[in-house]
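A look at the structure
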Amino acid sequence: ILFTVRNQDGTAPWSVVEDVTFTNNIVRHSAAGIMFIGRDNLHPSQQVKRVLVSNNLIEDIGGKQWGGNGRLIQITETQDVKFTHNTAFQTGNLITAHGEANRGFVFANNIALHNEYGVIGDGTGTGGPTISRYFPDGVFRNNVIAGGRSSLYPEGNFFPASIDEAKFADRDGGNYSLSDSSPYRNKATDGKNIGCDMAAIKAMLNQAQPLRVATSTR
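None of the values given here were measured: they were computed from a predicted structure.

Turning our eyes to something else, we now look at the overall build of the protein. For the protein, the count of helices and strands is 2 helices and 17 strands. Scored against the burial criterion, the 218 residues of the protein give a buried share of 48%. Counting contacts in the protein only where the partners sit at least 6 residues apart, residues at least 24 apart contribute 68% of the total.

In structure tokens form, the structure reads like this:
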């Protein structure tokens with residue numbers, strides 16, 4: 001999935017992507033997750049602004065079968081991007097940042113894997129140094145980041161050793177709702193469960209005729 005400013009014919013001087021909502025989807029079987037490119041690297045453009053990615057299941061990202069870097073998010077120079085209430089299983093970094101800082105970035109209420117570098121940027125270390133440099137006024141809280149180290153990240157996040165400690169209702173069966181025994185029920189910033197709402201996703205997909213599953217093959 002690519003959120004980027006792009007002139008279709010190279011003639012429009014101020015193309016722009018803004019006020020985008022991506023919600024209630026299943027994205028799977030992809031080499032990488034979501035790339036936010038804040039400005040067109042070939043032509044003059046405005047900035048990517050006000051993008052909401054919420055309540056999505058993102059799984060089977062990266063790995064030998066699909067190749068790629070397996071990153072969940074790659075981002076540069078955006079404004080007011082909000083990534084919240086998503087459940088993700090990726091093989092690469094949680095967030096990779098480069099270029100200019102991102103203003104108003106929110107990463108909250110998500111369940112994902114940390115993997116080797118977690119939140120990392122060009123020329124900065126994992127966690128806090130990258131957040132300070134690339135997300136200076138951002139919000140990073142109430143996330144379940146399996147395998148991460150709490151000492152590297154802002155307070156208010158959760159770092160279980162294994163993703164199974166989230167206690168999904170039926171992971172093998174594809175139900176990533178939190179079970180009644182999950183320690184992350186009602187622990188989101190809005191008082192809801194952390195991660196995606198599988199019932200809402202299924203309800204939305206069931207309205208589609210025929211049933212469609214969003215798949216990225218970048």
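Let us look at the environment of Ile120. One can find Ile120 in strand β13 (residues 119-121). Residues in contact with Ile120, not counting those within four places in the same chain, are Asn93, Ile95, Thr96, Ala97, Gly125, Thr126 and Thr130.

Here we take up the environment of Gly92. Within the secondary structure layout, Gly92 lies in the loop between β9 (87-90) and β10 (95-97). The exposure class of Gly92 is buried, given its relative accessible area of 8%. Between the C-alpha atoms of Gly92 and Ala31, which are 61 residues apart in sequence, the distance is 9.8 Å. Beyond its immediate sequence surroundings of up to four residues, Gly92 is in contact with Asn69, Gly70, Arg71, His114 and Asn115.

Looking now at the sheet that holds strand β11 (residues 106-108). Read across the open sheet, the 5 strands follow the order β2-β5-β8-β11-β14; overall the sheet is parallel. At either end of the open sheet lies a strand with only one pairing partner, and these are β2 (18-23) and β14 (139-141). Averaged over all pairs of adjacent strands, the angle between strand axes in this sheet comes to 5°, irrespective of strand direction. Of the strand pairs in this sheet, β2 and strand β5 (residues 49-54) are connected by 5 bridges, and their pairing is parallel.

Moving on, we get to the pairing of strand β17 (residues 175-178). Regular strands have side chains that alternate between both faces of the sheet. Burial along β17 is one-sided: Tyr176 and Leu178 are buried, and none of Asn175 and Ser177, which face the opposite way, are. In this structure, strand β16 (residues 168-170) lies alongside β17, joined through 2 bridges in antiparallel fashion. Residue Phe168 lies in a different strand from β17, and its bridge partner there is Leu178. Turn length for the β16-β17 hairpin, with the two strands adjacent in sequence and antiparallel, is 4 residues, and the turn residue Gly174 shows positive phi of about 85°.

Tracing the backbone through its elements, the reader meets Gly99 in the loop between β10 and β11. You can call Gly99 partly exposed: its relative accessible area is 33%. The contacts of Gly99, once residues within four sequence positions are left out, are Thr76, Asp122, Arg133 and Tyr134.

This brings us to the packing of aromatic side chains. In this structure the tally under the stated criterion is 9 aromatic pairs. Ring geometry for Phe83 and Phe107: centres 5.4 Å apart, planes at 5°, overall stacked. Placement of the pair is Phe83 in strand β8 (residues 79-84) and Phe107 in strand β11, with a sequence separation of 24 residues. Across this residue pair, the class does not change: Phe83 and Phe107 are buried. Here Phe140 and Tyr153 contribute two aromatic rings whose centre-to-centre distance is 5.8 Å and whose plane-to-plane angle is 15°, an arrangement assigned as stacked. One end of the pair, Phe140, is in strand β14; the other, Tyr153, is in the loop between β15 (144-146) and β16, with 13 residues separating them in the sequence. The burial state of Phe140 is the same as that of Tyr153; both residues are buried.

Turning to the pairing of β8, a few remarks are in order. As paired strands, β5 and β8 are joined by 5 bridges and run parallel to one another. When the sheet's bridge partners are listed, Ser54 is paired in β8 with Thr84. Both β8 and β11 contribute to a ladder of 3 bridges, which runs parallel. Bridge pairing in β11 places Lys82 opposite Val106.

Criteria and cut-off values
- Residues numbered from 1 in each chain as written.
- Predicted model: local features only at pLDDT ≥ 70, side-chain atom pairs only at ≥ 80, totals over all residues.
- Heavy atoms only, no water.
- Helix = DSSP H or I, 4+ residues; strand = E, 2+ residues; numbered from the N terminus.
- Buried < 20%, exposed > 50% of the residue type's maximum accessible area, 1.4 Å probe, protein only.
- Contact = heavy atoms within 4.5 Å.
- Pairing = 2+ DSSP bridges.
- Axes fitted to C-alpha atoms, helices over the stretch in contact; angles between N-to-C directions.
- Phe/Tyr/Trp six-rings, centres within 6.5 Å; stacked < 30°, edge-to-face > 60°.

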